[in-house]
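Inside the fold
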Amino acid sequence: MSACVPTRNDHSSRSSRLSRASGFKRPHSPPPGRGRFRVSGADLSASITVFLIAVPMSLGLAVAMDAPLAAGLVSAAIGGIVAGSLGGTPLQVSGPSAGLTVVTAELIQIYGWRTTCAITVGAGLLQILLGSLRAARSALAVSPAIVHGTLAGIGVAIALAQVHIVLGGGPQSSALDNALALPARLAQSEPAAPLIGALTILLLVVWPRLPGRVGSTMGRIPAALAAVAVATAVAAAAAPEIARVDLPSWRSHALPEVPQGPVAALSTAVFTVMLVASLESLLAAVSVDKMSADRAMSAPKDGATPPLPPVERSDLDRELRAQGIANTLSGLVGGLAISGGAVRSSANVRAGAESRASTVLHGVWVLLSAALLVSALEWIPLAALAALVMVVGIQMVNFAHIRKVHKHREFLVYGATITGVLLAGVLKGVAIGIVVAVAVALHRLARTRITVSEQEGRYLVAARGQLTFLAVPRLSRALGRLPHGVDAVVELDGFFMDHAAYETIQDWYTAQTAMGGRIEFTGRSGGRIAEPASAAHSCCRPWTPWRNHHCHDRAQETLPTPAVTVSPVVREDPPATSPAPAAERRGAHRLLSGLSSFQRNTAPLVREELARLAAEGQRPSQLFITCADSRLVTSMITASGPGDLFTVRNVGNLVPPPGTPEAAAHDDSVAAAIEYAVDVLGVESITVCGHSGCGAMKALLEAAPESPRTPLWRWLRHGMPSLDRMRSRHHSWARIAGRMPADAVEQLCLTNVVQQLDHLRAHESVARRLATGSLQLHGMYFHVGEAQAYLLTEGVSSGTGPAEVFAKVDPEAEGAVEDGTDVLDLAPDSAVRT
């Protein structure tokens, strides 16, 4: 008897986005809107917090770029309202780009302000184009060492430039010039501006760390606002002559002009602005997703505290298009270039924002302040704003990123990128980083250490690194030094072998075994490895260890034929005879081979994550009720990992309704799992999934059990309501969008999913959560032969819709679900993870 397993939308690293028109709703998104802009109390509070941070930061960035101060407020308002309304990351806050500070300052110096606005318009149009071409994910394909090195280099350049303003002067044209001119500036500085700057920096550092009840109360005020406000008050009392903000009249606000200059230089400028703004926005979007997930995981689930509403995962292509629209509009009205900001976005998440309403409202508050608070803003000293931006620049040099880069041996790329950005500019710095990254990759590819040692007449050939054609000469020399008919172990410590290296080893192995040699091939831990001997077995691949695992049963036909070895130290020759039956030996081999492969290849990659889960406990957001079919792998179909799913598997994916004599007398395990998942784990959704060719459904159709003859039949009695539903004239037939079910078995498989959802709603814990709107039910169907997933329409999942239609998940549209008219986007975004 076969069984069935579900598909899923991965809630952690790849979540889905559902179109409102389709009528579907994804497991982790809020209910489809009704066309009204709703503002919660948390969103209102968060918007005020972000506004209080955004105003001084926008003015400070304008000062750092030597741009009109009003342009900073214009871009902050447009970033909040336009990018916030249209963006694909609901909680991301956009505004003047800190990463573009150096670039914009250089453009203003070369071309003037009005041409710089036109360049911003061009960069925005290019972003819209790339977002429409779905290129956002490709932008993140650059090595993280290059991306973080670029942002760190920009941060260092920002800090060097702002030091001069803090000291009462003006910045130079480049980071190198700013560093060289710093000693002279220190000698010429007056005490007022440096003291105000130092006070601002001190408050920015100390304010979030104030202890006790006073610190808890004062900590509600953003550190940026507190630092600028205190510095402004001190400057007003002690240094009335210090340089302050000078907001010009809006009547003199400059708009863009047709750019004039070399086409190549202007095109490079447009591309540079687009590249930096896009990378900064997309990285901030990924960070916002992580912060939102961490906030949801850390929220109490005691039942007394209302759960946080789920937040949509980022649609990076939509976010890139929104950033392009915002930049185009900002450039047209004389604003700075816009990008998503990590500082503002993190403040928005920490302040408890629940939707994009907080982002949009913050833009409205900025717009109102620009119109009504001009006199108050003009009291702010420039030194305080410069100190604020300098701290932002220093924070762009993230030490956590440095540790990760060093851990993965990418620090050379990171350092080269920083140096290139500081000495040659952003675009050339990125190019330098890419060149160094390619050189490092080629060096690692070519760097293979091959050693030969002998102990008690047995040779050990150890190959450390990747075996490519570049290593073939050294490999041939090392193998050629071994005598004929040798007893040797070849230890391959790498993850790649090209055809040239494979043939070299194959020829040597054939020659040695023909002369009576005994050759054993092992991996880094001593476990045996095997490569297929012919093209017929070339299906085995390290990235799909589950695929065609029966290849291992033909190990005697393959190149290496050593004994199965689990210990990384002790290796034993195979016994001449074995009393165990052949089937038992094959079963033991598969078990030991799989365990050894896991310990060797997978365990080092997941150990850190499993240790975290062991310490924190499980916090899955989904309960999956699936079938026990051995042909389907739940984690593969749903792209899930440890801690993602709370799974219940049984024959026929059945949910016994509560209170039935059969459930009480024979099985409470499913009901117990439902109660535990809903009340204790606080899952957000429950999914029931059937599949094609389900053996349980076949059994119900062929010989419906009239009496509980065996444990299997007693269990299958819970599927009788599904059979009755399919035969009833009072229920519409479940169907697949675009076609009717292929046969009665498929019809029953589909109907069974709908019926089990009805059984779920009858459970007390499920009904209680459904009434509060904190739980969602979903039906899924998986066609085994087509490897195709289908989702049940939302009306049926919620118990309100009459049509029982399963819509197709289309991989060509990155996970769109099609019912023939509407498209329901279920594409996972990450990726990135996750």
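Our subject is the structure that appears above.
The structure contained in this document is the topic of the report that follows. Computed from a predicted structure; not experimentally measured.

Helix and strand counts for the protein chain stand at 31 helices and 15 strands. By the burial criterion, 48% of the 834 residues in the protein chain qualify as buried. Surface exposure of the protein chain reaches about 38700 Å², of which carbon and sulfur atoms provide 60%.

One open sheet accounts for 4 strands, arranged E3-E4-E5-E6; its pairing is mixed. Of all strands in the sheet, those with a lone pairing partner are strand E3 (449–455) and strand E6 (518–522), marking the two edges. When the angles between neighbouring strand axes are averaged without regard to direction, this sheet yields 15 degrees. For strand E5 (residues 487–493) and E6, the ladder comprises 5 bridges, and the chain directions are parallel. Within E6, the residue paired with Asp487 across the bridge is Arg518. Helix H21 (residues 499–514) contacts E5 and E6 of the sheet and is inclined by roughly 145 degrees relative to E6.

Of note in this structure, Arg409 is not a glycine but carries a positive phi near 60 degrees. Secondary-structure assignment places Arg409 in the loop between helix H17 (399–407) and helix H18 (411–424). Of the residues examined, Arg409 reaches a relative accessible area of 64% and is grouped as exposed. The backbone of Asn653 sits at a positive phi, close to 40 degrees, despite the residue not being glycine.

What follows covers the side chain of His164. By the secondary structure assignment, His164 is in helix H6 (residues 144–166). Looking at His164, the relative accessible area reads 1%, which means it is buried. At 2.9 Å, the side chain of His164 and the backbone oxygen of Asn178 are in polar contact. Beyond its immediate chain neighbours, meaning those up to four positions away, His164 contacts Gly169, Gly170, Pro171, Asn178, Ala181, Leu182 and Arg185.

In this section: the packing of aromatic side chains. Following the criterion strictly, the structure yields 5 aromatic pairs and no others. Aromatic pair Phe411 and Tyr414: ring centres 5.9 Å apart, planes at 35 degrees, arrangement tilted. Pair noted here: Phe411 and Tyr414 are both in helix H18, with a separation of 3 residues, about one helical turn. A centroid spacing of 5.8 Å and a plane angle of 40 degrees characterise the contact between Phe646 and Tyr676, whose relative ring orientation is tilted. One end of the pair, Phe646, is in strand E8 (residues 645–650); the other, Tyr676, is in helix H25 (residues 669–680), and 30 residues separate them in sequence. When its relative accessible area of 16% is taken as the criterion, Phe646 is described as buried. Following the ring pairs from residue to residue traces out a cluster consisting of Tyr781, Tyr790 and Phe806.

The next thing to look at is the pattern of salt bridges. On inspection of all chains with the given rule, the structure shows 12 salt bridges. A salt bridge links Arg518 to Asp487, with the shortest nitrogen-to-oxygen separation between them at 3.5 Å. Highlighted residues: Arg518 in strand E6 and Asp487 in strand E5, separated in sequence by 31 residues. We classify Arg518 as partly exposed; its relative accessible area is 40%. For Glu616, the salt bridge goes to Arg612, with nearest N and O atoms at 2.7 Å. On the criterion of helical spacing, the pair formed by Glu616 and Arg612 is a turn pair, its members being 4 residues apart in helix H22 (residues 582–616). According to the relative accessible area criterion, Arg612 is partly exposed, its value standing at 29%.

The calculated volume of the second largest cavity comes to roughly 50 Å³. What lines the second largest cavity is Val147, Thr150, Leu151, Leu275, Val276, Leu279, Glu280, Val426 and Val430. Breaking the lining of the second largest cavity down by element, the ones donating at least two residues are H6, helix H11 (263–298) and helix H19 (426–446). The dominant element in the lining of the second largest cavity, judged by the number of residues it contributes, is H11, at 4 residues. Looking at the lining of the second largest cavity residue by residue, the classes come out as 7 nonpolar, 1 polar and 1 charged.

Right, let's talk about the nonpolar core for a bit. One finds Leu59, Ile119, Val273 and Val366 to be the most contacted residues of the largest nonpolar core, which totals 66 residues. Broken down by element, this core gets its largest block of residues, 11 residues, from helix H1 (residues 41–65). Each residue touching Val273, except ones within four places of it in the same chain, is listed here: Leu100, Val103, Leu107, Ile119, Ala123 and Ala337. Within the second largest apolar cluster, 42 residues are counted, among which are Ile625, Ala673, Leu750 and Phe806.

With that settled, consider the packing of helix H3 (residues 101–111) against helix H4 (residues 113–132). The contact between H3 and H4 brings their axes to 7 Å, and the two run at 130 degrees. Viewed along their axes, H3 and H4 adopt a mutual orientation that is oblique. Seen along the crossing, H3 lies across H4 with a hand that is right-handed. When H3 is examined against H4, the residues Thr104, Leu107, Ile108 and Tyr111 are found in contact with a partner set consisting of Trp113, Thr115, Thr116 and Ile119. Of the residues assigned to the contact of H3 with H4, the class counts are 5 nonpolar, 3 polar and no charged.

Interaxial distance between H6 and H18 falls to 8 Å at its minimum, and their mutual angle equals 40 degrees. Considering the angle they form, H6 stands oblique to H18. Helix-helix and strand crossings are classified by hand; for H6 and H18 the assignment is right-handed. In this structure, H6 uses Ala145, Ile146, His148, Gly149, Thr150, Ala152, Gly153, Ile154, Val156 and Ala157 to contact H18, whose residues at the interface are Val413, Tyr414, Thr417, Ile418, Val421 and Leu422.

What follows concerns the pairing of strand E12 (residues 788–792). When you tally the buried positions in E12, you get 5 out of 5 residues, the bulk of the element. Neither face of E12 is open: one carries Gln788, Tyr790 and Leu792, the other Ala789 and Leu791, and all of them are buried. Bridging between strand E11 (residues 776–783) and E12 involves 4 bridges; their strand directions are antiparallel. In the strand pairing of E12, Phe782 is matched with Ala789. Connecting E11 to the antiparallel partner E12 that follows it, the hairpin turn spans 4 residues, and Ala787 within it adopts a positive phi of roughly 50 degrees.

Another point: the side chain of Thr200. With respect to the element layout, Thr200 can be found in helix H8 (residues 192–206). We classify Thr200 as buried; its relative accessible area is 0%. Within polar-contact distance, the side chain of Thr200 engages the backbone oxygen of Ile196 at 2.8 Å. Beyond its immediate stretch of four places on either side in the chain, Thr200 contacts Ala227, Ala231, Ala384, Ala387 and Leu388.

Rules of the game
Residues numbered from 1 in each chain as written. Predicted model: local features only at pLDDT ≥ 70, side-chain atom pairs only at ≥ 80, totals over all residues. Heavy atoms only, no water. Helix = DSSP H or I, 4+ residues; strand = E, 2+ residues; numbered from the N terminus. Buried < 20%, exposed > 50% of the residue type's maximum accessible area, 1.4 Å probe, protein only. Areas by Shrake-Rupley, 256 points an atom, 1.4 Å probe, with all protein chains shown as cover. Pairing = 2+ DSSP bridges. Axes fitted to C-alpha atoms, helices over the stretch in contact; angles between N-to-C directions. Contact = heavy atoms within 4.5 Å. Polar contact = N/O pair within 3.5 Å; in protein donor to acceptor, adjacent residues only side chain to side chain. Phe/Tyr/Trp six-rings, centres within 6.5 Å; stacked < 30°, edge-to-face > 60°. Salt bridge = Lys/Arg side-chain N within 4 Å of Asp/Glu carboxyl O. 1 Å grid on protein atoms, 1.4 Å probe; cavity = no way out; pocket = protein on both sides within 12 Å on 5 of 7 lines; lining within 4 Å. Points joined across faces, edges and corners; volume = space filled by probe spheres on them. Nonpolar A, V, L, I, M, F, W, Y, C, P; charged D, E, K, R; others polar. Core = buried A, V, L, I, M, F, W, Y, C linked by side-chain atoms within 4.5 Å. Parallel < 35°, antiparallel > 145°, perpendicular 65-115°, else oblique. Left-handed = near helix turned anticlockwise from the far one by under 90°.

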